[in-house]
Amino acid sequence: IALEQGNLHDLVRVSRRAGRTPGSSMYIKEGVVYSLHDLLHGLLMRSGNDAAVAIAEHLSGSVEEFAKLMTRRARELGAKHSRFANPHGLTHPQHVSTAYDLAVITRAALRNPIFRNIVSQRSLPIAYEQLGREQVLYNTNKLLGWVQGADGVKTGTTAAAGPCLIASATRDGQKLIAVVLHASNRWREAAELLEWGFRNFQVTQLGQEGEVVRAVPVQGGKRLHVDVALREDL
C-alpha cells in the first residue's frame, strides 16, 4: 500500500506511538524525520514494527484507519480470510490471516519492482543526516544466500503465531512462493517446500503473443473465417 499510494521521497516525522512500538525494530526515534524510502527498507528488511506504525500514520492518519485500508486491499487481491487490526502483525484478537492469503498478497506485491528489490537485499547502509550517523540494515531473512535463487520475502514472529516465514526463490525464470506459519524450523521447512516445488513443476512456453491458434468459421460475413491469436505469451 505504501508503494501504491505513497511517494518514496515523502518525509515522515516519527510520532511517540511509532517510536515506542514494541517488538522487532529499526530503532527510529520520536521526533526525527525519515524518508518513506528508508522506512520501507526498515519495515521489510528489519521487520521494523516501529516503521510500520510510522508509515501507517503518514498514509492514513492513524494505525486503525490504515488497518482498515489493509483489509480492503487484501480482499481486492482475493485474500478473503484476512482481517487486519494493525500494520505490523503484533498479536490482536481481530488480526488474522492464512498461509494461502499471505501467498496471494505476496504474489501481488512481487509484481512491484521496488518491492522485489527491497526484499531481496541482504543488507543496506542508510545515512541519517539528522542523526549524524550511518546505520546498516540487515535482512532478517536467513534464506537469502542459503537457498539457490532465494530472493525474498519476509519473516514474522509472535508468541501467538510462532516463527513464520514467507519465502520466494527464482530459478530458470520460474518464481515460487512458500509460506510457513508456527514452524518448528521455518528456514528448513520453507527451503524444503521450495525445493519440492522446483522438482515437481516447471514453466513451459505454450505459445507466443500474436500466434494464431485456430480459425473460427464466420457465417454470413465478408470472410469465411477469422483467425484467433494469443493476446500475450502463454
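Residues numbered from 1 in each chain as written. Predicted model: local features only at pLDDT ≥ 70, side-chain atom pairs only at ≥ 80, totals over all residues. Heavy atoms only, no water.

A. Molecular detail of helix α4 (residues 49–60). Taking 1.5 Å as the rise per residue, α4 with twelve residues should run 16 Å; its terminal C-alpha atoms sit 16 Å apart, in good agreement. Taken as a whole, α4 has its buried residues at N49, D50, A51, A52, V53, A54, I55 and A56. Lining the buried residues of α4 we find α1 (2–5), β1 (11–13), α2 (16–19), α3 (36–46) and α5 (63–77). Just downstream of α4 lies G61, where phi reads positive at about 90°. (Helix = DSSP H or I, 4+ residues; strand = E, 2+ residues; numbered from the N terminus. Expected span 1.5 Å × (residues − 1). Buried < 20%, exposed > 50% of the residue type's maximum accessible area, 1.4 Å probe, protein only. Contact = heavy atoms within 4.5 Å.)

B. Layout of the nonpolar core. Counting 30 residues, the largest nonpolar core has I28, L39, L40, L43 and I55 as the members making the most contacts within it. For this core, the secondary-structure elements that each account for two or more residues are α3, α4, α7 (113–120) and β3 (123–128). When sequence neighbours within four positions are dropped, the list of residues in contact with L43 reads G48, A51, A52, I55 and K154. Listed in part, the 16 residues of the second largest apolar core include L143, L165, A169 and A190. (Core = buried A, V, L, I, M, F, W, Y, C linked by side-chain atoms within 4.5 Å.)

C. Geometry of the pairing of strand β7 (residues 174–180). Most of β7 is tucked away, with five of its seven residues classed as buried. Where strand β6 (residues 162–171) lies against β7, seven bridges are found, and the strand directions are antiparallel. Directly across from S168, in β7, lies its bridge partner I177. Joining the antiparallel neighbours β6 and β7 is a turn of two residues, in which D172 adopts a positive phi near 50°. (Pairing = 2+ DSSP bridges.)

D. Broad picture of the side chain of T155. By the element assignment, T155 lies in strand β5 (residues 150–158). T155 sits in the buried class, given a relative accessible area of 10%. There is a polar contact of 2.6 Å between the side chain of T155 and the side chain of T140. Not counting residues up to four positions away in its chain, the partners in contact with T155 are S47, T140, N141, C164, L165, R186 and W187. (Polar contact = N/O pair within 3.5 Å; in protein donor to acceptor, adjacent residues only side chain to side chain.)

E. Focus on the sheet that holds β6. If you trace the three strands from one edge of the open sheet to the other, you get β5-β6-β7, paired in antiparallel fashion. The outermost strands of the open sheet, each flanked by one partner alone, are β5 and β7. Strand-to-strand twist across the sheet, computed as the mean angle between neighbouring axes with direction ignored, equals 5°. As paired strands, β5 and β6 are joined by eight bridges and run antiparallel to one another. Paired with G152 across the bridge in β6 is S168. (Axes fitted to C-alpha atoms, helices over the stretch in contact; angles between N-to-C directions.)

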